[in-house]
Amino acid sequence: MLRQLFAPQLVGLYILIGATIYVHYRGKERLRFARQLGDHSTYLAPYNVLMYAGSAVPNTPVIPVEQFPELKTLTDNWQEIREEAVRLFDEGFIRAAAANNDWGFYSFFKSGWKRFYLKWYDDFLPSARTLCPKTVELLNAIPTVHGAMFAMLPPGGKLGAHRDPFAGSLRYHLGLVTPNSDKCRILVDGVPCVWRDGEAFMFDETFLHSAENATDVNRIILFCDVERPMKLGFMTSINRWVSHHIVKASATQNVEGEHVGVLNKVFGKLYEFHLATRKVKAWNRTVYYTAKYTLTVVIVGAIVVSAFR
């Protein structure tokens, strides 16, 4: 009996449950537990807990950006970066995905949020090299920046409370075109961070966060995923391997013909199923949630049964 209780599949389940509970109660703000169970941050919870344990920077919602001196070159050159971002926006290149191939941010587009990718856990996108060479040159000199984009939030735009799934990176925002107003801000575990021209801040995107632009001015920022510093070299190696072999599979395109990662190719196929489930939810929420939780119970039950065979 004891041997069965510690079967590999059950040990994996115990780790997932324990890590999910930790992630859920980490910080002051949290999702409803039912929503947390289905959230993508749950599936990466074991890896994320490992990252928190080995982090060389404080596990706090907002981290002093001064702890990342390599990023100072971005604030020093923010006006050059701004010029390229404004030109891209004026020419219509900062936009929503043209197809269902941006799994990481697809839910943001309905708020009017738009983006232009510079790099995503791999090499720079060809369109970025062509259209904003100065920004690419600056970022290319900072190897700890694994992902980068220009991101726009329109007047009245809101992003609901959410967690990002991957704790191997931290999120850097540099204000380029902002209202310079406290009404345009992001709340990270309840801590307000206001976007201002030429100013930057760093936060842990795996804490619950939401954003709003309650002004009449577009907000455009440089948005970067920066490698989380780790205490031990072998953990840095693990994190870099995951970043460059798994997370980069969520790469997508700015223009037709650019590479789309396998995760976003699969997402494009699954999105139609997602739309069908949304129709079921709109028709009858009881049926939707009964089916959803029944499927979860069936999967967990199958894992438990397999351990006792």
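Analysis parameters
- Residues numbered from 1 in each chain as written.
- Predicted model: local features only at pLDDT ≥ 70, side-chain atom pairs only at ≥ 80, totals over all residues.
- Heavy atoms only, no water.
- Helix = DSSP H or I, 4+ residues; strand = E, 2+ residues; numbered from the N terminus.
- Buried < 20%, exposed > 50% of the residue type's maximum accessible area, 1.4 Å probe, protein only.
- Contact = heavy atoms within 4.5 Å.
- Areas by Shrake-Rupley, 256 points an atom, 1.4 Å probe, with all protein chains shown as cover.
- Salt bridge = Lys/Arg side-chain N within 4 Å of Asp/Glu carboxyl O.
- Pairing = 2+ DSSP bridges.
- Polar contact = N/O pair within 3.5 Å; in protein donor to acceptor, adjacent residues only side chain to side chain.
- Arc of directions from axis to C-beta.
- Axes fitted to C-alpha atoms, helices over the stretch in contact; angles between N-to-C directions.
- Core = buried A, V, L, I, M, F, W, Y, C linked by side-chain atoms within 4.5 Å.

A.B. asks: Is there a simple way to explain the overall build of the protein in this structure?
C.D. replies: If you tally the helices and strands in the protein, you get 12 helices and 10 strands. A total of 309 residues make up the protein; the buried ones form 46% of that total. The long-range share in the protein, meaning contacts at least 24 apart out of those at least 6 apart in sequence, stands at 75%. As presented, the protein carries roughly 15500 Å² of accessible surface, and 61% of it is formed by carbon and sulfur atoms.

A.B. asks: Is there a simple way to explain the pattern of salt bridges in this structure?
C.D. replies: A side chain with one charge can pair with a side chain of the opposite charge if their charged atoms come near. Following the criterion strictly, the structure yields 14 salt bridges and no others. A salt bridge links Arg185 to Glu212; the shortest N-O distance between them is 3.4 Å. Here the residue Arg185 occupies a position in strand S6 (residues 184-188), and Glu212 occupies one in strand S9 (residues 209-213), the gap between them amounting to 27 residues. Note on Glu212: relative accessible area 24%, which makes it partly exposed. Arg228 is paired through a salt bridge with Asp204; the nearest N and O atoms lie 3.0 Å apart. In this pair, Arg228 sits in the loop between strand S10 (219-227) and helix H10 (233-245) while Asp204 sits in the loop between strand S8 (200-203) and S9, placing the two residues 24 residues apart along the sequence. Comparing Arg228 with Asp204 shows no difference in burial state: the two are buried. If you follow the salt bridges from partner to partner, you end up with Asp164, Arg171, Glu205 and Asp225 in one network.

A.B. asks: I keep staring at the pairing of S6 and nothing clicks. Help me out?
C.D. replies: The side chains of a regular strand alternate, first on one face of the sheet and then on the other. Every second residue of S6 is oriented toward a common face, the buried set being Cys184, Ile186 and Val188 and the non-buried set Arg185 and Leu187. As paired strands, S6 and S9 are joined by 5 bridges and run antiparallel to one another. Across the sheet, Arg185 pairs through a bridge with Glu212, a residue of S9. The pairing of S6 with strand S7 (residues 191-194) spans 4 bridges and is classified as antiparallel. Within S7, the position partnered with Arg185 by the bridge is Val194.

A.B. asks: Just checking my understanding: could you explain the side chain of Asn213 for this structure?
C.D. replies: Its place among the elements puts Asn213 in strand S9. Reaching out from Asn213, the side chain makes a polar contact with the backbone oxygen of Val217 at a distance of 2.7 Å.

A.B. asks: What is the right way to look at helix H9 (residues 133-140) in this model?
C.D. replies: Residue pairs three or four apart in sequence face the same way in an α-helix, which turns once every 3.6 residues. The complete set of buried residues in H9 reads Thr135, Val136, Leu138 and Leu139. Projection of H9 onto a plane perpendicular to its axis shows the buried side chains occupying an angular sector of 160 degrees, all on one side. Away from its buried face by more than 90 degrees, H9 exposes Glu137 and Asn140. Looking at the packing, one finds that the buried side of H9 touches helix H6 (72-76), helix H7 (78-90), strand S2 (114-120), helix H8 (126-131), strand S3 (145-153) and S10.

A.B. asks: When you look at the sheet that holds strand S1 (residues 62-63) in this model, what are you seeing that I'm missing?
C.D. replies: Within a sheet, each strand pairs with its neighbour through backbone hydrogen bonds, oriented either parallel or antiparallel. If you trace the 6 strands from one edge of the open sheet to the other, you get S1-S8-S5-S10-S3-S2, paired in antiparallel fashion. Each having just a single partner strand, S1 and S2 make up the two edges of the open sheet. Pairing analysis gives 8 bridges linking S3 to S10, with the strands arranged antiparallel. Bridge pairing in S10 links Met152 to Ile220. Sheet contacts for H9: S2, S3 and S10; angle to S3, the most-contacted strand, approximately 140 degrees.

A.B. asks: Can you walk me through the nonpolar core in this structure?
C.D. replies: If you look at soluble globular proteins, the nonpolar side chains tend to sit buried side by side. Residues Leu74 and Phe150 are the most contacted members of the largest nonpolar core, which totals 71 residues. Broken down by element, the residue count for this core peaks at 7 residues, all from S3.

A.B. asks: I tried to follow the environment of Val57 on my own but got confused; where do I start?
C.D. replies: Inspection of the secondary structure assignment puts Val57 in the loop between helix H5 (45-54) and S1. Residue class for Val57 comes out buried when judged on its relative accessible area of 7%. Once the C-alpha coordinates of Val57 and Arg228 are considered, the two residues, 171 residues apart in sequence, prove to be 7.8 Å apart. Setting aside anything within four residues of it in sequence, one finds Val57 in contact with Ile63, Gln67, Phe68, Leu170 and Pro229.

A.B. asks: Would you mind going over unusual backbone geometry with me for this structure?
C.D. replies: Excluding glycine, most residues fall at negative phi; most peptide bonds, likewise, are trans. You will see that Asn180, though not glycine, has its phi angle at about 55 degrees, which is positive. One can find Asn180 in the loop between strand S5 (169-177) and S6. The exposure class of Asn180 is partly exposed, given its relative accessible area of 37%. The phi torsion at Asp189 lies on the positive side, around 50 degrees, for a residue other than glycine. Relative to the elements of secondary structure, Asp189 occurs in the loop between S6 and S7.

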